[in-house]
Amino acid sequence: MGEATVKTLEGRTATPSPMVTENGPAPEDGRLRRLRSPRRPRIWFEILLIAVSYWTYSLVRNAVPEQKAQALRNADWIWEAEKALGIAVEQTVNHALNSVTWLIVTMNYYYATLHFLVTIGVLVWLYRRHPGRYAPARLVLFATTGVALVGYYLYPLAPPRLMNGQDFIDTVLVHHTWGSMASGNLKHMSNQYAAMPSMHIGWSLWCGMIIFALASAPWARILGVLYPTLTLIVIVATANHFWLDAVGGLLCLAFGYGVSCVWYGSLPHRLPRHVAVPAPLAARTVETAPPELNAARR
């Protein structure tokens, strides 16, 4: 198609000038810049996005082949590596806390529920109180979870409670509590050999770091530190993870922060709290009509 033309006041035709902004001609990367700028989140879109994302995560995680033999070999290797490092105390912690019934039962329910409830709560808090930081922080969480799926596929790992001959206690089965998707009647709904990396640690660290960085109340910042610390104790006490699984979760979170920093150019908590409202279009453009028409407007 040919170039469009417009009529001037003198009746001649002319090709319209391209839109010019205050910073000069609109570059091609202007669209990319807009995509990389945090936008005000929309509630229904966010609910749908999070629901679809978690459904996809669960589907992919459970679709990873349950490579039992390899997962058990990897568990033996992790256990021997921890012994060599002098940190193989999971069994001691597991047995000691299992002897305190009320405490281990509480930990079972902690493991089953807070992983989801606290993460959703932090997302809602960010949405309401820090809308300018919501999308970058959400990207950290999504990227962390996405790379974890790669870990589940490449490195199947049995949790300590499923190891052969190591006498770990499955606290959910022993105390008949609902605490693990990989125990009891729920074990067929989840891949039992996806222990590395630990997303209980990845997500709890994400929550803790966000709260510590953005909360103003001292007690809230203290909770931000305590939450991932308690989660680490819980995943070991219930024999669902090794210490090194937690290291894997930490590395995934570091990757997630890296992705968000590259995309948004900064850590989430360093970005503006609120989304900037764009200036009116008329204030951002320079009129390109003929001088006579501009004079008539004045």
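Calculation notes
The numbers attached to residues start from 1 for each chain and follow its sequence in the written order. Thresholds applied to this predicted model are a pLDDT of at least 70 for local features of residues and 80 or more for the giving and counting of side-chain atom pairs; totals over whole chains, interfaces and linings are not thresholded and use all residues. Processing note: side-chain calculations cover all non-hydrogen atoms of the structure and skip hydrogens and water entirely. Secondary structure counts use DSSP, requiring at least four H or I residues in a row for a helix and at least two E residues in a row for a strand, with both numbered from the N terminus. Burial here depends on accessible area, computed with a 1.4 Å probe over protein chains only, as a share of the maximum for the residue type. Under 20% is buried, over 50% is exposed, and the range in between is partly exposed. By definition here, a helix of n residues has an expected span of 1.5 Å times n minus one. Polar contacts here mean pairs of N or O atoms no more than 3.5 Å apart (in protein, one a potential hydrogen donor and the other a potential acceptor; neighbouring residues in sequence count only if both atoms are side-chain atoms). Two rings from Phe, Tyr or Trp (for Trp, the six-membered ring) form a pair when their centres sit within 6.5 Å of each other. Planes less than 30 degrees apart are called stacked, planes more than 60 degrees apart edge-to-face, and all others tilted. As a per-residue measure, pLDDT tells how confident the predictor is, with possible values from 0 to 100. Note on contacts: a residue pair is in contact if any heavy atoms of the two residues lie within 4.5 Å. Think of a salt bridge as a Lys or Arg side-chain nitrogen and an Asp or Glu carboxyl oxygen that are within 4 Å of each other.

With that out of the way, let us pick up unusual backbone geometry. Here Met-196 and Pro-197 are connected by a cis peptide whose omega angle stands at 0°. Relative to the assigned elements, Pro-197 resides in the loop between α7 (171-175) and α8 (199-214). Unlike most non-glycine residues, His-176 shows phi in positive territory, near 55°. When you line up the elements, His-176 lands in the loop between α7 and α8. Its relative accessible area of 71% is what places His-176 among the exposed residues.

Right, let's get into α8. Since one α-helical turn is 3.6 residues long, residues separated by three or four positions face the same way. In this model α8 runs 22 Å from its N-terminal to its C-terminal C-alpha over 16 residues, within 8% of the 22 Å that 1.5 Å per residue would give. Of all the 16 residues making up α8, 12 are buried; the element is thus mostly covered by neighbouring parts of the structure. Regarding α8, the residues found buried are Met-199, His-200, Ile-201, Gly-202, Trp-203, Ser-204, Trp-206, Cys-207, Gly-208, Ile-210, Ile-211 and Leu-214. For α8, the capping residue at the N-terminal end is Ser-198, with a side-chain oxygen 3.4 Å from the backbone nitrogen of His-200.

With that settled, the discussion passes to the packing of aromatic side chains. The way to describe two aromatic rings as a pair is by their centre distance and the angle between their planes. What the rule picks out here adds up to five aromatic pairs. Considering the side-chain rings of Tyr-110 and Tyr-227, the 6.3 Å spacing of their centres and the 40° angle between planes classify their relative orientation as tilted. Here Tyr-110, found in helix α5 (residues 101-129), pairs with Tyr-227, found in helix α9 (residues 218-237); they are 117 residues apart in sequence, far enough to count as distant. On the basis of relative accessible area, Tyr-110 is assigned to the buried category, the value being 15%.

What follows deals with the confidence of the model for the protein. Model confidence for the protein is summarised by a mean pLDDT of 81, while 71% of its residues fall at 70 or above. Note that residues 293-298 has pLDDT below 50 and, in this model, four contacts with residues that lie over four places away or in other chains.

Under the criterion given, the structure shown has two salt bridges. Where Lys-83 meets Glu-80, a salt bridge forms, and the shortest distance between an N and an O atom there is 3.7 Å. Residue Lys-83 and its partner Glu-80 are both found in helix α3 (residues 68-85); the two are separated by three residues, about one turn of the helix. Judged by relative accessible area, which is 43%, Lys-83 ranks as partly exposed. Here Asp-170 ties to Arg-161 by a salt bridge, and the two come within 3.4 Å at their closest N and O atoms. Each member of the pair, Asp-170 together with Arg-161, is buried.

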